Amino acid sequence: MKKLIIANWKLNPSTLKDAQALAASISVKAKNKVVLCPPTIYLSNIQYPNIGAQDCFWQEKGAFTGQVSALQLKDLKIKYCIIGHSERRAVGDTDEMVNAKAKALLAQNIIPVICIGFGTTVEHDDLEVTDILKSQLDVDLAGVDKSKVIVAYEPVWAIGTGKNATSEHVEKISIFIKTKYGVPIVLYGGSANAANAKEFLEQQNVGGLLVGGASLNATDFNKIINL
Ligand code: PEP
């Protein structure tokens with residue numbers, strides 16, 4: 001079955017030319033479904049079948065300097081938008097904001113990719129992870145049509161560190177999120193790469209991957225999307 005692989009380029013690359021070259025080097029006929037999420041400033045200049053944004057604001061328009069609305073993303077034919085990434089939460093995004101962003105996106109028929117996760121060390125995964133994820137999701141998904149969102153489970157200790165969660169742990173969490181909330185697709189994110197992606201994609205309830213660092217290397221990313 002096709003899985004969903006979302007590339008989060010974060011604040012990379014540094015020029016539009018490099019961003020266009022990277023997009024052009026990603027297969028458009030991969031085995032899995034692929035979404036590229038370049039930096040906002042490049043969104044209208046990247047050609048790829050499925051493009052996503054990395055964040056948005058919850059208001060449609062007005063005096064909100066520096067923000068980008070879901071309405072503007074829709075105008076650019078953006079189909080997906082990551083919200084609640086731990087790097088956004090680290091600079092102040094709250095679950096209430098994530099909830100408002102999810103609603104704004106759904107109002108424009110853009111699929112929210114809601115990132116949840118916590119923990120500074122792998123040991124945190126042995127704690128009552130589900131209690132903490134529940135406290136995030138209860139707010140993130142309040143009043144939201146859960147059948148229309150994607151959730152990305154990203155243990156914070158695994159993001160950009162070269163250390164990944166085990167596929168068994170991720171499968172268990174994916175089952176929890178799907179059954180408790182009725183969310184159709186749960187992705188894993190956290191140092192996924194060409195060497196470890198297969199074991200996650202083989203898990204029945206893991207719907208795919210949110211890939212940061214490894215999505216910037218076309219060779220590695222093409223391997224992942226063709227697994
Ligand atoms: C991410 O940014 O969502 C992510 C998972 O990054 P990385 O793959 O680099 O850990």
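Structure report, in brief. (Residues numbered from 1 in each chain as written. Predicted model: local features only at pLDDT ≥ 70, side-chain atom pairs only at ≥ 80, totals over all residues. Heavy atoms only, no water.)

### So, unusual backbone geometry
The residue after Asn 12, namely Pro 13, is reached through a cis peptide bond having omega -15 degrees. With respect to the element layout, Pro 13 can be found in the loop between strand E1 (4-8) and helix H1 (16-24). Not every positive phi belongs to a glycine, and Ser 191 is a case in point at roughly 55 degrees. Relative to the helices and strands, Ser 191 is located in the loop between strand E7 (185-189) and helix H7 (197-201). (Helix = DSSP H or I, 4+ residues; strand = E, 2+ residues; numbered from the N terminus.)

### Here we look at the pattern of salt bridges
For the structure shown, the criterion picks out 10 salt bridges. Across the pair Arg 89 and Asp 140 runs a salt bridge, and its minimum N-O distance is 3.2 Å. Taken as a pair, Arg 89 in helix H3 (residues 86-89) and Asp 140 in helix H5 (residues 129-140) lie far apart in primary sequence, 51 residues in all. No difference in accessibility class separates Arg 89 from Asp 140, as the two residues are buried. Here Lys 148 ties to Asp 145 by a salt bridge, and the two come within 3.5 Å at their closest N and O atoms. Ionic contacts of the salt-bridge type, sharing partners, join the residues Asp 55, Arg 88, Asp 93 and Lys 101 into one network. (Salt bridge = Lys/Arg side-chain N within 4 Å of Asp/Glu carboxyl O. Buried < 20%, exposed > 50% of the residue type's maximum accessible area, 1.4 Å probe, protein only.)

### Description of the pairing of strand E4 (residues 80-83)
The two faces of E4 match: Tyr 80 and Ile 82 on one face and Cys 81 and Ile 83 on the other face are all buried. Judged from the 2 bridges that link them, strand E3 (residues 52-53) and E4 form a sheet pairing that is parallel. If you follow Ala 53 over to E4, its bridge partner there is Cys 81. Handedness of the E3-helix H2 (residues 70-75)-E4 crossover: right-handed. Of the pairings in the sheet, the one linking E4 to strand E5 (residues 111-116) comprises 4 bridges and is parallel in character. (Pairing = 2+ DSSP bridges. Right-handed = clockwise from strand over helix to strand, strands pointing away.)

### Some thoughts on the layout of surface pockets
Volume-wise, the largest pocket comes out at about 500 Å³. As for the largest pocket, its lining consists of 22 residues, of which Thr 40, Gln 54, Asp 55, Cys 56 and Arg 88 are closest to the centre. Those elements that provide at least two residues to the lining of the largest pocket are H3 and helix H4 (95-107). The class makeup of the residues in the lining of the largest pocket is 10 nonpolar, 6 polar and 6 charged. Of the voids in this model, the second largest pocket is the one considered here, and its volume is about 200 Å³. What lines the second largest pocket is a set of 18 residues, and nearest its centre among them are Lys 2, Leu 4, Pro 184, Ile 185 and Gly 207. Split into classes, the residues belonging to the lining of the second largest pocket amount to 10 nonpolar, 3 polar and 5 charged. (1 Å grid on protein atoms, 1.4 Å probe; cavity = no way out; pocket = protein on both sides within 12 Å on 5 of 7 lines; lining within 4 Å. Points joined across faces, edges and corners; volume = space filled by probe spheres on them. Nonpolar A, V, L, I, M, F, W, Y, C, P; charged D, E, K, R; others polar.)

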